[in-house]
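Commentary on secondary and tertiary structure
Below are the chains, spelled out letter by letter.
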Amino acid sequence: MKSRKLSRKRRRATVVGASAAAVVAGVALIPNWSAGAAVTDDPTVDASTKATFQKLADAVFTDRTQALVDGSTSAHTRHTAGFAGSVRLSGGQTREQSSALGKLRARKTLLAKLGEKYSAGDTKVTLDATEVHGRSAKVAVTETTTLTYKKGTVPAKGPRTTGFQAHHELTFKAGRHGDWQLTGIHDTDDGYLAVNQVEPPATSSTPTRPTKPPTGGTTPSPSAPSTSTGGTTPSPSLTGGTSSPSADGPTEAPRAATSYPAPANPKKLTGGAYDYKAMVAYAQKYWNHYNPDYPNYNGAGAGGDCTNFVSQVLKAGGWKHVPGYTDDYTKWFGNADIQSDSFVGVNEFSWFALSSKRVTPLANVYQADLGDVIQMDFDRDGSKDHSMVVTYRDGSGVPYVTYHSTNTYNRSVASLVASYPTAYFYAYRT
């Protein structure tokens, strides 16, 4: 599922409402189903049947992971091949799975050309909840996958593993004899950036220029955190001066190239205004364990938590609040109660970061280093969709990113380029 775009005029009520409804501590937002109550309208769905639902889901996603590891896609080697009788794949889902495995095998080949291979993969699926209505069932599951980088494909000091958590809803239908067939799989995160997920088709190949947002709102945010006195008066940015938009509106980020290797653009990691090690430490701590000091915008149509997470990382490394109106892109602030659009919105963050001169654009994504930010526009419609922060850079010059929605740690930029070859990329030096 494509990461939902946040509105360029995100209203304060929307932000506060989402904050109040957010779930913290890394617990995924899932439908209000019964996870443990006895099913009364279909006695055939007992604990054993639920366990088989979970095992089939585990087999589906394990097969997809293995397609990236060893290219195993033949029918007789699939983990799903052992399911028949009471719980199994439907004919349609069998074809869908075959198509997905073929695409992932092609992705494996492309990844290998970019120097990335995996020696092992481990996928575990847990059942979160089950809803049954007669001969129809919905099952919510959490997938946790870890991939081990193959020795020799990343430098000795490179990360040993990458991984993610993803949430899915599976639909089952029962035949006249009570045999359950898996008929549908739906990803419920506000994102689709797991390496074993299949890329959805782009909706547009022609970029369009987004409408410029206002530079001020009609309702100030009196509870906005402040780093200076004076309420909503702009505070100086870390680079000096005050944030102010250009006469024509916000500065648009130039697209970054994805060619490898990239021209040298070294970054000074110590002695500056920001603590990049603190940024990495925060990202490592909260990539799948959400900080209760902030809302969680992942799941249930909340808009995605990616930029909210990136803003928290930057704040941990020294970025200071710029209080003001929530929908003024030249302001930036966030806590448990209220956040500016630029703190949680993909495009608004870019506008703030550039207008405040806290970042400078990078010409190539492979130039990104610790604490730098990378954004993506999947369908190339001129509106950015996803934000990530660099948490590792290996000796061969490949950055690795960590992000929310879908929660992922240390995924290589090479993997992103291979998985989304038609996407537009944007890179920012912080």
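See the structure shown above.
Quick summary incoming for the structure in this document. (Residues numbered from 1 in each chain as written. Predicted model: local features only at pLDDT ≥ 70, side-chain atom pairs only at ≥ 80, totals over all residues. Heavy atoms only, no water.)

1. Thoughts on the overall build of the chain
Broken down by element type, the chain carries 8 helices and 11 strands. Counting all 430 residues of the chain, 53% fall into the buried class. At a minimum sequence separation of 6, the contacts of the chain that also span at least 24 residues come to 73%. Entry remark: accessible area of the chain is about 17,600 Å², with carbon and sulfur atoms responsible for 52%. (Helix = DSSP H or I, 4+ residues; strand = E, 2+ residues; numbered from the N terminus. Buried < 20%, exposed > 50% of the residue type's maximum accessible area, 1.4 Å probe, protein only. Contact = heavy atoms within 4.5 Å. Areas by Shrake-Rupley, 256 points an atom, 1.4 Å probe, with all protein chains shown as cover.)

2. Details of the nonpolar core
Counting residues in each nonpolar core, the largest one holds 37 residues, and the members touching the most others are Tyr118, Val365, Ile374, Met376, Val401, Leu416 and Phe425. In terms of residue count, helix H8 (residues 413–419) provides more of this core than any other element does, 5 residues in total. Apart from residues no more than four positions distant in its own chain, Met376 is found in contact with Lys384, Asp385, His386, Met388, Leu416, Tyr420, Ala423, Tyr424 and Phe425. Core analysis: the next-biggest nonpolar cluster, separate from the first, contains 30 residues, Trp332, Leu354, Val359 and Val373 among them. (Core = buried A, V, L, I, M, F, W, Y, C linked by side-chain atoms within 4.5 Å.)

3. Concerning the environment of Ser74
Following the sequence through the fold, Ser74 ends up in the loop between helix H2 (47–69) and strand S1 (87–89). Put simply, Ser74 and Leu101 are 27 residues apart on the chain and 9.1 Å apart in space, counted from C-alpha to C-alpha.

4. Considerations on the packing of aromatic side chains
The description of an aromatic ring pair rests on the distance of the ring centres and on the angle between the ring planes. Tallied over the full model, the rule gives 18 aromatic pairs. Consider the rings of Trp319 and Trp332, whose centres lie 5.4 Å apart with planes at 65 degrees: the pair is edge-to-face. Placement of Trp319 in the loop between helix H5 (306–316) and helix H6 (341–344) and of Trp332 in the loop between H5 and H6 is noted, with a sequence separation of 13 residues between them. For Trp332, a relative accessible area of 0% gives the class buried. With 5.0 Å between their ring centres and 40 degrees between their planes, Trp332 and Phe343 make a pair best called tilted. Taken together, the residues span a long stretch of sequence, with Trp332 in the loop between H5 and H6 and Phe343 in helix H6 at a distance of 11 residues. Of the two residues examined, Trp332 and Phe343, each falls in the buried class. (Phe/Tyr/Trp six-rings, centres within 6.5 Å; stacked < 30°, edge-to-face > 60°.)

5. Quick word on helix H4 (residues 276–286)
Listed as buried for H4 are Tyr276, Met279, Val280, Tyr282, Ala283 and Tyr286. Down the axis of H4, the smallest arc covering the buried residues is 160 degrees, so these residues share one side. Facing away from the buried side of H4, by more than 90 degrees, are the exposed residues Lys277, Gln284 and Lys285. Its buried side turned inward, H4 meets H5, strand S8 (386–393) and strand S9 (399–403). The distance from a side-chain oxygen at the start of H4 to the backbone nitrogen of Lys277 is 3.2 Å, and the residue carrying that oxygen is Asp275. (Arc of directions from axis to C-beta. Polar contact = N/O pair within 3.5 Å; in protein donor to acceptor, adjacent residues only side chain to side chain.)

6. A look at the packing of H4 against H5
It is the contact of H4 with H5, at a shortest axis distance of 7 Å, that shows an interaxial angle of 140 degrees. Between H4 and H5, the angle falls in the class oblique. Here the hand of the crossing between H4 and H5 comes out right-handed. Side by side, H4 and H5 meet where Ala278, Met279, Tyr282, Ala283 and Tyr286 of the first sit next to Phe309, Gln312, Val313, Leu314 and Ala316 of the second. (Axes fitted to C-alpha atoms, helices over the stretch in contact; angles between N-to-C directions. Parallel < 35°, antiparallel > 145°, perpendicular 65-115°, else oblique. Left-handed = near helix turned anticlockwise from the far one by under 90°.)

7. A closer look at the pairing of strand S11 (residues 424–429)
Side chains on a regular strand alternate between the two faces of the sheet. Of all 6 residues making up S11, 6 are buried, and the element is well covered by its neighbours. Taking every second residue as pointing to the same face, both faces of S11 are buried, with Tyr424, Tyr426 and Tyr428 on one and Phe425, Ala427 and Arg429 on the other. Here strand S6 (residues 360–361) pairs with S11 via 2 bridges, running antiparallel. For Thr360, the partnering residue across the bridge sits in S11 and is Arg429. (Pairing = 2+ DSSP bridges.)

8. Observations regarding the environment of Ala262
Its place among the elements puts Ala262 in the loop between strand S5 (180–187) and H4. Exposure remark for Ala262: the relative accessible area of 23% places this residue in the partly exposed category. Taking the C-alpha atoms as reference points, Ala262 and Gln367, separated by 105 residues in sequence, lie 6.3 Å from one another. Excluding residues that lie within four positions of it along the chain, Ala262 makes contacts with Asn364, Tyr366 and Gln367.

9. Overview of the pattern of salt bridges
Enumeration over the complete set of coordinates arrives at 5 salt bridges. Of the charged contacts in the structure, one is a salt bridge between Asp122 and Lys124, with a shortest N-O distance of 2.9 Å. Accessibility expressed as a relative area gives 37% for Asp122, which makes it partly exposed. The closest approach of N and O atoms between Lys267 and Asp372, which form a salt bridge, is 2.6 Å. Taken as a pair, Lys267 in the loop between S5 and H4 and Asp372 in the loop between S6 and strand S7 (373–377) lie far apart in primary sequence, 105 residues in all. Asp372 gets classed as buried once you look at its relative accessible area, which sits at 0%. A single salt-bridge network, built from bridges that share partners, covers Lys267, Asp372 and Arg429. (Salt bridge = Lys/Arg side-chain N within 4 Å of Asp/Glu carboxyl O.)

By themselves, these figures tell us nothing about what the structure is for.
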